[in-house]
Structure formats: structure tokens, C-alpha cells
Amino acid sequence: MKIKQAELYHIQLPMKFPFVTGFGAISKRDAVLLKLTDENGLVGWGEASALWAPVYLEEDAQICWHVMSDLIIPLILNVDLEIDDYLEKTAWIRGNNMARFGVETALWSIKSQKTKTPIYKLLGGVRTKIPVGESIGIVVSTNELMSIVENRVSEGYQRIKLKIKPGHDYDYLCEVRKAYPKLAIMVDGNSSYTLRNLNDLKRLDNLNLLMIEQPLGYDDIIDHAKLQKELKTSICLDESIMSAEDARKACEIGACRIINVKPGRVGSLVECQKINNIAKKYGVKLWLGGMLETGIAKSYNLMVAALSEFTLPADVSSSKKFYDDDVTNPDIEVTCNGEVAVPMGVGIGVGVNKSTIKKYQLAYEKIISNE
Ligand code: OSB
Ligand code: MG
């Protein structure tokens, strides 16, 4: 394929309510969207999944814009390019996985249209419906939390994930567990604990949790390996798995039994395939994570969740849960049995609403090849 034009959009979606985590609150969702057009007029959309500031990982929306606009896009305009060439050409860029993912997925979309094959099939996906759970941010009032949990259970979500931080964990989790003795519950610490909190984390062991996600440092696997030895509950890594190599090392030292794969965090759909292979080799389970992306990134994410080792429920919520408007149509919808369909069409498999993008647009740039 040959890319002739790239358009970048920085949008900011208001959230219906702030989403509170161990790293702080997300109250507006910035997103950097990319539209690539090839020599035949085929269009591929992508999204860099970073937040407004480096609170979850180092990347934020502004740096994604810079990396895409100034570094990656000039490399891909007006040259014959396949996905492998793209990965090779950008290999010198260290980190910045979310920006890379935004461009790579747009290229996959065009490749899929050219080959008339859905992306999940090109990737080797084995399922078309993804079991999902919901990630519930920290809610101070236990009554309020209980009613949210009740709603999610009645809507069909197959498990719930509760955010925890030091001082806001065991007591409120006990109440939820008491009210729902059989519910699949997991927790996510978003790197807000250290091994000094070992006793707090050990207490969680008697709550019959599905897993404890990323309690310790965002770049750590060593302490997580120490912690896993002390816990019956499985540790799941999120922030600290930035590549297939990270996944291999974590598996080798026993830092986790489960990995939350966010395709944006690991930089490409190809890296997700590699992690799928590593998980199979080490017997580690996978599930698809999310970070409140728009329907663009979520659509590609769902295609990744079709891979064989993604057997645990994904963090994917209906579009309307967090936002009044999504940029894709139809909205992402969780069925009453707690599943979301993998987009089956070619390309991104859903429509993109230009009017919604316009409504929430903060910045726009068009980059055209001069040849
Ligand atoms: O740690 O999984 C996380 C949202 C933003 C940043 C980090 C995380 C999250 C979530 C939300 O937990 C998951 C979702 O997209 O539904
Ligand atoms: Mg997480």
C-alpha cells in the first residue's frame, strides 16, 4: 500500500462521571485520532490510546501527537509499505507504543480492505464474541458502589473489576464479597502499592478474588515476583508489560499468572500476537484491557481479544457507559449475556462519525506527501 495523506485529530470527550483510580481521576478523555488515505482512496482510522497526562504510563496525548506527526508519518508517506516494513522503519523509536499503535492499526485497516479479509482473521483470531467485565472506578460511598455493582451484574457483565489503593481496599471489598458471594471479582491497584504494603495485600487473599492487577510499580516485575510467591491469589500485570519480551521475562521469573493486554500499551497488533504465543508457551492467561478509549481503538482491541489465549473477560464497556457520544457507529454494546461482538467487516469494521469528531475537536493537522 502507499499512503498519500495523513490527518490527525486531537479530541476531548467529556466523561459522564470522573473515573477514579490509584493514579488519580480521569475526568475528560483526550484522544489522538489518525485518518490515513492511500493511493486508491482507501481510508484507515487509528487511535493513540494515551491519556491527557503521563499518569498511567509515560505517554500522553501531546507526545503521541508529536511522535505521530513529526516522526512516524513522514516515514510512511508515499512509499510502498506493508505492516512488516512499517514495524522495521519505526523500530528505532524507543517506547511511545500508543503512538505506534495508532498508526499501525490504521495501516491494518487499509490492508484488510485491500485483501477483503477482516483483521481478526488476518491475526488468526478464533472467536467472534468476547466475554466482558466492567472496570469500576473508586467510589467513596459503599452504598453507591453497591448499586453500581448491582446494575452491572443485572446488565450481564461477567465479572467486575474494582479499583483499589492503600487505605481503600479490604474493608469495602469485604462488603461487596458479602453481598455477592459467587461473583467474579478482581481488583486493580494501578501501581499504588509497594512491598511495604505486603500485609494489606496478603489480607486480600481470603476474598476469593479472580486476580490482583498491577499492585506494585508501573515498571516493576521483580517485586511482583516476590509478591506472587506470598499470595494465593493470581497477580495480573498491566502497566509493566510493554512488549512480548517483557511478557516472557515476567513469565520466566513468575511475576504473574495472568496478563492484561492493552494493544496500545504494547505498540502493535503484531506484538499482541507474540504475547499470545508466549502466554500459550508459559500457560499464562490473557485478557483484553482497556483505557476508556473511543470506539476506534476499542474496535481493534476487540479483534485482538479474538486470539486464542484471551480467555478471561475483557475490560470493555458499552460506549454510552462513559460517554454521551462515541466517534464510531454503531455504538459498542454489551449484550445481556455479557459479550461484545468482534467487528467482522473489513477495515475497522464500524463507521466513523466525522460530526462527533468535529464537535469535540481541539486540534487538526493534515500532512500530504509532496510527491
Ligand atoms: O488500569 O486498566 C487500567 C482506564 C484507564 C487507565 C488504566 C486503566 C483503566 C481501566 C478502564 O481500568 C478499563 C476500560 O477501558 O474499561
Ligand atoms: Mg490496570
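Rules behind the numbers
- Residues numbered from 1 in each chain as written.
- Chains lettered and ligands numbered in written order.
- Predicted model: local features only at pLDDT ≥ 70, side-chain atom pairs only at ≥ 80, totals over all residues.
- Heavy atoms only, no water.
- Pairing = 2+ DSSP bridges.
- Helix = DSSP H or I, 4+ residues; strand = E, 2+ residues; numbered from the N terminus.
- Axes fitted to C-alpha atoms, helices over the stretch in contact; angles between N-to-C directions.
- Donors = N, O, S within 2.8 Å, 3.2 Å for Na, K, Ca; no water.
- Buried < 20%, exposed > 50% of the residue type's maximum accessible area, 1.4 Å probe, protein only.
- Parallel < 35°, antiparallel > 145°, perpendicular 65-115°, else oblique.
- Left-handed = near helix turned anticlockwise from the far one by under 90°.
- Contact = heavy atoms within 4.5 Å.
- Salt bridge = Lys/Arg side-chain N within 4 Å of Asp/Glu carboxyl O.
- Near = heavy atom within 4 Å.
- Polar contact = N/O pair within 3.5 Å; in protein donor to acceptor, adjacent residues only side chain to side chain.
- Areas by Shrake-Rupley, 256 points an atom, 1.4 Å probe, with all protein chains shown as cover.
- Patch = residues over 30% accessible without salt bridge, like charges linked within 9 Å, V, L, I, M, F, W, Y side chains within 5 Å.
- Lys, Arg positive; Asp, Glu negative; His and termini not counted.
- Charge placed at Lys NZ, Arg CZ, Asp CG, Glu CD.
- Disulfide = S-S within 2.5 Å.

Caption draft 1: Examining the sheet that holds strand β15 (residues 361-368) more closely. Taken in spatial order, the four strands line up as β3-β2-β1-β15 in an open sheet, and their pairing is antiparallel. Of all strands in the sheet, those bounded by a partner on one side alone are β3 (43-48) and β15. Going across the sheet, the axis of each strand differs from the next one's by a mean of 20 degrees, ignoring polarity. Alignment of strand β2 (residues 24-38) against β3, held across six bridges, turns out to be antiparallel. From the neighbouring strand, K35 faces β3, where its bridge partner is W45.

Caption draft 2: Expanded view of the coordination of the magnesium ion (ligand 2). Distances from the magnesium ion (ligand 2) to its protein donors, namely D188 (OD), E213 (OE) and D238 (OD), fall within the range 2.0 to 2.3 Å. Each donor residue of the magnesium ion (ligand 2) lies on the same chain, and together they follow the pattern D-x24-E-x24-D. In this pair, E213 is assigned in strand β7 (residues 212-213) and D238 in the loop between β8 (235-237) and α9 (244-253), connecting sequence segments 25 residues apart. D238 sits in the buried class, given a relative accessible area of 0%.

Caption draft 3: How the structure looks around the packing of α9 against helix α11 (residues 269-282). Following both chains from N to C, one finds α9 and α11 inclined at 15 degrees, their axes separated by 9 Å at the closest point. By the criterion of interaxial angle, the relationship of α9 to α11 is roughly parallel. Pair α9 / α11 crosses with right-handed handedness. Contacts between α9 and α11 involve A244, E245, A247, R248, C251 and E252 from the first element and E271, K274, I275, I278 and Y282 from the second.

Caption draft 4: The side chain of H10, seen in detail. Tracing the sequence through the fold places H10 in strand β1 (residues 3-21). For H10, a relative accessible area of 7% gives the class buried. Those residues in contact with H10 that lie beyond four places of it in its chain are D30, A31, A61, Q62, W65, Y360, Q361, L362 and A363.

Caption draft 5: Quick look at the pattern of salt bridges. All chains considered together, the criterion is met by 18 salt bridges. Of the charged contacts, one joins D238 and K262 as a salt bridge, the two residues approaching to 2.9 Å between their closest N and O atoms. Within this pair, whereas D238 is found in the loop between β8 and α9, its partner K262 is found in the loop between β9 (258-261) and α10 (263-266), the two being separated by 24 residues in sequence. Counted as one network, the salt bridges with shared partners bring together R159, K161, K163, D188, E213 and D315.

Caption draft 6: Structural view of the site of ligand 1. With respect to spatial proximity, 16 residues lie near ligand 1, and among them S135, K161, K163, N190 and L292 are the closest. K262 is positioned with one of its side-chain polar atoms (N or O) 3.0 Å from an oxygen atom of ligand 1. Backbone polar atom of M291 to an oxygen atom of ligand 1: 3.2 Å apart, as the coordinates give it. Considering ligand 1 on its own, with 390 Å² of exposed area, one finds that the protein chains cover 99% of that surface.

Caption draft 7: Up close: a negative patch on the surface. Taken together, the side chains of E39, D80, E82, D84, D85 and E88 present a region of like negative charge at the surface. With respect to the helices and strands, D80 occurs in the loop between α1 (61-76) and α2 (83-89).

Caption draft 8: Spotlight on the environment of L292. With respect to the helices and strands, L292 occurs in the loop between β10 (285-288) and α12 (295-304). In the structure, L292 is positioned 157 residues away from S135 in sequence and 9.6 Å away in space, judged by C-alpha atoms. Look past the residues within four positions of L292 in its chain and what remains in contact with it is M15, F19, I26, R29, F322 and Y323.

Caption draft 9: Focus on the state of the cysteines. In total, this model carries zero disulfides according to the counting rule given. Its sulfur unpaired, C256 is 5.3 Å from the next cysteine sulfur, which belongs to C251.

Caption draft 10: Structural view of the pairing of strand β4 (residues 129-136). Among the eight residues in β4, seven count as buried, and that is most of the element. In this structure, β4 lies alongside strand β13 (residues 339-341), joined through three bridges in antiparallel fashion. Residue pairing in the sheet places P131 in a bridge with E339 of β13. Pairing between β4 and strand β11 (residues 314-315): two bridges, direction parallel. Across the sheet, the residue bridging to G133 is D315, located in β11. Looking at chain direction, β4 and strand β5 (residues 160-163) are connected through three bridges and run parallel. Residue pairing in the sheet places I136 in a bridge with L162 of β5.

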